[in-house]
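# Structural description and commentary
In case you want the letters, here they are:
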Amino acid sequence: MTSYAVRVIIILSRGKGTSPNTERKYKMKNFNDYFSNLYDDGTEYTVNGIKGTMYGNDECFDMDDFYQILVVGDRVYKCFYSIPDGTDDLSTIDYENADRMVDVTEEYEDLLD
């Protein structure tokens, strides 16, 4: 088996939960395609007055900071949230009011056609 064939098999065998920073060998039509593949279907949310589709799960941490991804057209934002002290229940978070939002579009632009 050639190294190219091995690389293709590895790429095709990657499943959901792969890190967004993992190098991808295929392109997506838009950011929603990419994040739906990574986290399943998104949910429509308005965060800090900006309407978009939110993606993520309970494993989305940047160091100790919990975040979710918000896709707004051709822009991608990391929405950071405080987790209330003494709780592991992420359903208590007010997802419409992020503590801060960071435009991270450039980190994902090479994934698009």
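In the block above lies the structure referred to throughout.
These lines cover the structure that appears in this document, whether it is placed above or below. It should be emphasised that the depicted structure is a prediction, and the values quoted were computed from it without experimental measurement.

In this section: the overall build of the protein. Scanning the protein from N- to C-terminus turns up three helices and six strands. Along its sequence from the N terminus, the protein presents helices and strands in the succession α-α-β-β-β-β-β-β-α. Buried positions account for 32% of the 113 residues belonging to the protein. Expressed as a percentage of contacts within the protein between residues at least 6 apart in sequence, the contacts between residues at least 24 apart total 39%. About 7,300 Å² of surface is accessible on the protein, with carbon and sulfur atoms providing 46% of the total.

Alignment of strand β1 (residues 43–47) against strand β2 (residues 50–55), held across five bridges, turns out to be antiparallel. By the bridge assignment for β2, Glu 44 is matched with Thr 53. The loop that links β1 with its antiparallel partner β2 comprises two residues; one of these, Asn 48, has a positive phi angle of about 50°.

Another aspect to go through is the environment of Val 102. Residue position: Val 102 is located in strand β6 (residues 100–103). Val 102 sits 23 residues away from Cys 79 along the chain, and the two C-alpha atoms are 6.6 Å apart. Apart from residues lying up to four places away in sequence, Val 102 is in contact with Val 76, Tyr 77, Lys 78 and Phe 80.

Counting 15 residues, the largest nonpolar core has Phe 35, Tyr 39, Ile 69, Val 76 and Tyr 108 as its most contacted members. With five residues, helix α2 (residues 31–39) is the single largest residue contributor to this core. One finds Cys 79, Tyr 81, Leu 90 and Tyr 95 within the second-largest nonpolar core, a separate group that totals 11 residues.

As a further point, take the packing of aromatic side chains. Evaluation of the coordinates by the stated rule reveals 10 aromatic pairs. An angle of 5° between the planes, with centres 6.4 Å apart, marks the rings of Phe 35 and Tyr 39 as stacked. Of the two residues, Phe 35 and Tyr 39 are both situated in helix α2; the distance of four residues between them amounts to about one turn of the helix. When sorted by exposure, Phe 35 lands in the same class as Tyr 39, which is buried. Summarising the aromatic geometry, the rings of Phe 35 and Tyr 108 are spaced 5.1 Å apart at their centres and angled 65° between planes, so their arrangement reads as edge-to-face. Taken together, the residues span a long stretch of sequence, with Phe 35 in helix α2 and Tyr 108 in helix α3 (residues 105–108) at a distance of 73 residues. Looking at Tyr 108, the relative accessible area reads 2%, which means it is buried. Three or more aromatic residues joined by ring pairs make a cluster, and in this case those are Tyr 34, Phe 35, Tyr 39, Tyr 55 and Tyr 108. A cation sits over an aromatic face here: Lys 78 above Tyr 67, 4.5 Å from the ring centre. The ring of Phe 80 carries Arg 100 above its face, with NZ or CZ at 3.9 Å from the centroid.

Right, let's talk about the side chain of Gln 68 for a bit. Along the polypeptide, Gln 68 turns up in strand β4 (residues 65–72). In this structure, Gln 68 is in contact with Met 54, Tyr 55, Gly 56, Asn 57, Cys 60, Tyr 77, Lys 78, Cys 79, Tyr 81 and Tyr 95, ignoring residues within four places of it in sequence.

The rules behind each value
- Residues numbered from 1 in each chain as written.
- Predicted model: local features only at pLDDT ≥ 70, side-chain atom pairs only at ≥ 80, totals over all residues.
- Heavy atoms only, no water.
- Helix = DSSP H or I, 4+ residues; strand = E, 2+ residues; numbered from the N terminus.
- Buried < 20%, exposed > 50% of the residue type's maximum accessible area, 1.4 Å probe, protein only.
- Contact = heavy atoms within 4.5 Å.
- Areas by Shrake-Rupley, 256 points an atom, 1.4 Å probe, with all protein chains shown as cover.
- Pairing = 2+ DSSP bridges.
- Core = buried A, V, L, I, M, F, W, Y, C linked by side-chain atoms within 4.5 Å.
- Phe/Tyr/Trp six-rings, centres within 6.5 Å; stacked < 30°, edge-to-face > 60°.
- Lys NZ or Arg CZ within 6 Å of the ring centre and 35° of its normal.

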